[in-house]
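# Geometric and topological summary
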Amino acid sequence: MQLDPPPAIDITAERRVILALNRVTKTFPGVTALSEVSLELYPGQVTALVGENGAGKSTVVKILTGIYQPDGGQIEIDGNAVRFPTAQDANAAGVTAIHQETVLFDELSVAENIFLGHAPRGRFGLIDAVAMVAQAQDILLTIGANIDPHTKLKDLGIANKHLVAIARALSIDARVVIMDEPTAALSQKEIDELYVLVEELKSQGKAILFISHKFDEIFRIADNYTVFRDGTLAGHGAIADVTEAELVKMMVGRDVSQIFPDRVANIGQEVLVVHGYDHPTEFADISFTLHHGEILGFYGLVGAGRSEFMQALFGITRPSAGDVKIDGVSAVIRSPADAVGQGIVYVPEDRGKQGTITALPIFANVTLPSLGRTSRNGFLKLAEEFRLAREYTERLDLRAASLDTDVGNLSGGNQQKVVIAKWLATQPKVIILDEPTKGIDIGSKAAVHEFMTELAAQGLAVIMVSSEIPEVLGMSDRVIVMREGRIAAELSGGDLTPETLVRNAAGI
Ligand SMILES: Nc1ncnc2c1ncn2[C@@H]1O[C@H](COP(=O)(O)OP(=O)(O)OP(=O)(O)O)[C@@H](O)[C@H]1O
Ligand SMILES: [Mg+2]
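Conventions we followed
- Here the residue numbering is sequential within each chain, running from 1 through the sequence in written order.
- For naming, the first written chain is A and the first written ligand is 1, with later ones following in the order written.
- In keeping with the model being predicted, local features are shown solely for residues with a pLDDT of at least 70 and side-chain atom pairs are shown and tallied solely at 80 or more, while totals for entire chains, interfaces and linings include all residues.
- The basis for every side-chain value is the complete set of non-hydrogen atoms in the structure, without hydrogens or water.
- Aromatic pairs are defined between Phe, Tyr and Trp rings, using the six-membered ring for Trp, whenever the two ring centres lie within 6.5 Å; interplanar angles under 30 degrees are classed as stacked, those over 60 as edge-to-face, and all others as tilted.
- The helix and strand labels rest on DSSP assignments: H or I over at least four residues marks a helix, E over at least two residues marks a strand, and numbering proceeds from the N terminus.
- Exposed residues in this analysis have more than 50% of their type's maximum accessible area, buried residues have under 20%, and partly exposed residues fall in between, with area computed by a 1.4 Å probe over protein chains only.
- Pairing between strands requires that DSSP locate at least two bridges from one strand to the other.
- Axis angles are defined between N-to-C directions and span 0 to 180 degrees, where every axis is a line fitted to C-alpha atoms and, for a helix, only to the segment in contact.
- Orientation labels follow simple angle bins: below 35 degrees gives roughly parallel, above 145 gives roughly antiparallel, 65 to 115 gives roughly perpendicular, and whatever is left gives oblique.
- Between two residues, a contact is recorded if the distance between any of their heavy atoms is within 4.5 Å.
- The residue classification treats Ala, Val, Leu, Ile, Met, Phe, Trp, Tyr, Cys and Pro as nonpolar and Asp, Glu, Lys and Arg as charged. All others, Gly included, are polar.
- We call a residue near a molecule or strand when any one of its heavy atoms sits within 4 Å of it.
- N or O atoms within 3.5 Å of each other form a polar contact, as long as, within protein, one can give a hydrogen and the other can take it, and as long as residues adjacent in sequence are counted only when both atoms are side-chain atoms.
- With residues, only the protein chains shown are counted as cover, and all accessible areas are computed by Shrake-Rupley using a 1.4 Å probe.
- Domain borders in the structure are assigned automatically or taken from a domain database.

Before going further, it helps to spend a moment on the packing of aromatic side chains. What the rule picks out here adds up to 10 aromatic pairs. Centre to centre, the rings of Y277 and F309 are 5.7 Å apart; their planes meet at 85°, and the pair counts as edge-to-face. Of the two residues, Y277 is situated in strand β11 (residues 270-278) and F309 in helix α9 (residues 306-313); the sequence distance between them amounts to 32 residues. In this structure F309 comes out as buried when scored by relative accessible area, which is 0%. With 6.3 Å between their ring centres and 20° between their planes, F298 and F309 make a pair best called stacked.

In structure tokens, the structure reads:
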């Protein structure tokens, strides 16, 4: 019998591993999510976990927090093998996570959400509500969140909900803090506060596992990296010893250029004319035109009113004034159904909540809004549904075992691709994409951009709301900059530069 050589002993305290995964394997029916992956976390250091959509990152988080059990390999804490049969066991061992899809309760208060399952208790073992609110307030303040702990969760926006999830993770005095794409739902100001918080956690000696698709933040806050590719370990090391291009190559197994697709825009007739859209609080006096084959970018700071305007245009909310013409004909849009009927579709930013039915398979989700095209005399034509679903999901580079897979079992990024596919399958005249590549890995991002280009070439008019300057500049034929609910500038050609975008968005 051959024994493994004994592990080398590293005497420097920083290299002492708090938590390790040792050759962990996890399979689901038809999918090997993880195959013998290893990972080490050190006190006072941030380890970035990177990989394409579906590479297995969130699965690791769930294994480390007792939500899934590994099929093979082990979890070690301070060198000792441990098991986490439940989430409570992981918490008790000092491991806490902010999950990609936060599990919070709308009907409970902020304080109750933070302390659910570990509330401070007074005499007779009853929950001490006063202490709970006070402690919740303290934690919220340390993360710079200005939220009343009494507020019902359902009354908060997505960014604040996310801050509550972060506060919840911190309310457990943990040695290991895991953050699964924590900045995806936050504004720039909140992101900066989160970075300060991460520094604070580091200085307290906590080990941090940080999952992100954003390379700028990985290079800013991480000390180490681990790369997964298709459920296997593709590389690990110190951030200081690696370049962005090298990381990308480990992730996707090939060189990826971040260059945007070359396109010669073929801009046709006006398709959409919006005139004088007003809203009592969110936006005012929005007028513009959009042409067949055009990609119109909407840039602005978070809170500039871009998404609120798009929701009004799609009939989710009502403007107080304004009218719309589609192909020269006045259109009445009082509901999303009206909008879809007139050829306008909207892919929201908060795709998790608004986008899919997780208990239905991929193909059914994709074809849901297109049923008119796939049903004959009330009977669904299954083959036709599959064909439609296959066409759109393949072009968006969606990774799944099969089109029968329930959407709830897909990785976060792949769920987003299902939402985009389902609206494209309706063959709209105008598609509004709100932050289309947020949460999408770098290789698939290029696929999404390529697809947008092809669609525009076929005459589809695209409105792209994006806060990423390279994406806005790389994809748009024309850009409308919004500031405080109003159009601050309309830019095209040589006027489109990072400086003009930022200056107009900030009003300087
Ligand atoms: N409960 C489940 N049932 C079946 N398959 C699953 C389940 N959970 C995850 N998977 C599959 O395991 C693989 C890894 O998914 P995971 O969510 O870990 O990816 P990820 O790296 O977090 O991706 P993303 O960047 O999109 O969030 C995917 O193929 C996914 O479809
Ligand atoms: Mg994930």
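With that settled, the discussion passes to the pairing of strand β3 (residues 46-50). Among the 5 residues in β3, 5 count as buried, and that is most of the element. As paired strands, β3 and strand β8 (residues 207-211) are joined by 4 bridges and run parallel to one another. The partner of T47 across the bridge, within β8, is L209. Bridge analysis of β3 against strand β9 (residues 224-229) gives 4 bridges, and the strand direction is parallel. Within the sheet, the bridge partner assigned to V50 lies in β9 and is V227.

Moving on to unusual backbone geometry. Despite not being glycine, D397 has its phi angle at roughly 65°, a positive value. Tracing the backbone through its elements, the reader meets D397 in the loop between α14 (382-395) and α15 (412-424). On the basis of relative accessible area, D397 is assigned to the partly exposed category, the value being 22%. The backbone phi angle of Q427 is positive, close to 50°, even though this residue is not glycine. With respect to the helices and strands, Q427 occurs in the loop between α15 and β19 (430-434).

What follows concerns the packing of helix α5 (residues 158-171) against helix α6 (residues 188-203). With their axes 12 Å apart at the nearest point, α5 and α6 run at an angle of 5° to one another. Put simply, α5 runs roughly parallel to α6. In this structure, α5 uses A159, N160, L163, I166 and L170 to contact α6, whose residues at the interface are E190, L194, L197 and L201. Split by residue class, the contact of α5 with α6 holds 7 nonpolar, 1 polar and 1 charged.

In this section: the site of ligand 1. Lining the immediate environment of ligand 1, one finds 21 residues, of which G54, K57, T59, S411 and G413 sit closest. The separation between an oxygen atom of ligand 1 and a polar main-chain atom of G54 is 2.8 Å. Here an oxygen atom of ligand 1 and a side-chain polar atom of K57 are 2.8 Å apart. Here ligand 1 has 640 Å² of accessible area as a free molecule, and 90% of this is covered by the chains. If you list the elements that add at least two residues to the shell around ligand 1, you get β2 (31-41), α1 (57-64) and α15. Its residues assigned to classes, the shell around ligand 1 comprises 6 nonpolar, 12 polar and 3 charged. When residues of the shell around ligand 1 are assigned to domains, at least three map to each of domain 1 (17-94 + 175-190 + 205-254) and domain 4 (355-427).

What follows deals with the environment of H236. Along the chain, the position of H236 falls in strand β10 (residues 232-238). Judged by relative accessible area, which is 57%, H236 ranks as exposed. The residues touching H236, leaving out its near neighbours within four places in the chain, are Y225 and T226.

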